[in-house]
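Reading the structure
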Amino acid sequence: PYIVNHITFSGENSFTDSQSEIFNIDDEGFDLQRVTTTTASESHPVWSPNGRKIAYLSNSSGNFHLYVMDFNGSNNRRIVSSIAVGDFDWSPDGSK
């Protein structure tokens, strides 16, 4: 199994707005990076089993939908848009 050496969390960015964003920090508590930069709220980040992607919820289109992005915040794409998403997880091989 792939071992992710970063901690990912969502929290409010008090310097710019009160919306929650997604951040990565290395496992030693250094190198804090904001990986989402929208005016929407992003939350509930979940790493893929291979450590390459992060699934998360965002209300960038008004309602909360499931999105996936690369670990560094690039290549965001909406995965589920027609149903309400609450709890979610990756397939064991990280492909879904």
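Data block above holds the structure.
Because the structure is predicted, anything quoted here is derived from the model rather than measured.

Notes on the pairing of strand S5 (residues 53–58)
Counted residue by residue, S5 has five buried out of six residues, so it is predominantly covered. When strand S4 (residues 42–47) meets S5, the two strands line up antiparallel, connected through four bridges. If you follow Ser 43 over to S5, its bridge partner there is Leu 57. Pairing between S5 and strand S6 (residues 65–70): six bridges, direction antiparallel. Within S6, the position partnered with Ala 55 by the bridge is Val 68. With antiparallel pairing between neighbouring strands as the criterion, S5 and S6 make up a hairpin whose turn holds six residues, including Gly 62 at a positive phi of roughly 110 degrees.

Section: the sheet that holds strand S7 (residues 77–80)
The strands making up a sheet associate through backbone hydrogen bonding, with each pair oriented either parallel or antiparallel. One open sheet holds the four strands; their spatial order is S4-S5-S6-S7, and the pairing between them is antiparallel. Each edge of the open sheet carries a strand with a single partner, namely S4 and S7. For this sheet, the mean angle separating the axes of adjacent strands, direction not counted, is 35 degrees.

Focus on the nonpolar core
The nonpolar side chains of a soluble globular protein tend to be buried, and buried together. Counting seven residues, the largest nonpolar core is built from Ile 22, Val 35, Trp 47, Ile 54, Tyr 56, Tyr 67 and Met 69. For this core, the elements supplying multiple residues, two or more each, are S5 and S6. Those residues within four positions of Val 35 in sequence are excluded, and the remaining contacts are Ile 22, Phe 23, Asn 24, Met 69, Phe 71, Asn 72 and Gly 73. Core analysis: the second largest hydrophobic core is formed by six residues, Ala 55, Leu 57, Leu 66 and Trp 90 among them.

So, the pattern of salt bridges
For the coordinates displayed, the defined rule picks out two salt bridges. Of the charged contacts, one joins Glu 21 and Arg 34 as a salt bridge, the two residues approaching to 3.2 Å between their closest N and O atoms. Pair noted here: Glu 21 is in strand S2 (residues 20–26) and Arg 34 is in strand S3 (residues 33–34), with a separation of 13 residues, a long-range link. Of the residues examined, Glu 21 reaches a relative accessible area of 0% and is grouped as buried. Across the pair Asp 70 and Lys 53 runs a salt bridge, and its minimum N-O distance is 2.5 Å. Residue Asp 70 is found in strand S6, and its partner Lys 53 is found in strand S5; the two are separated by 17 residues along the sequence. On the basis of relative accessibility, which here comes to 15%, the residue Asp 70 falls in the buried class.

The rules behind the values
Residues numbered from 1 in each chain as written. Predicted model: local features only at pLDDT ≥ 70, side-chain atom pairs only at ≥ 80, totals over all residues. Heavy atoms only, no water. Buried < 20%, exposed > 50% of the residue type's maximum accessible area, 1.4 Å probe, protein only. Helix = DSSP H or I, 4+ residues; strand = E, 2+ residues; numbered from the N terminus. Pairing = 2+ DSSP bridges. Axes fitted to C-alpha atoms, helices over the stretch in contact; angles between N-to-C directions. Core = buried A, V, L, I, M, F, W, Y, C linked by side-chain atoms within 4.5 Å. Contact = heavy atoms within 4.5 Å. Salt bridge = Lys/Arg side-chain N within 4 Å of Asp/Glu carboxyl O.

Everything listed here is a matter of coordinates, which is why it stays silent on function.
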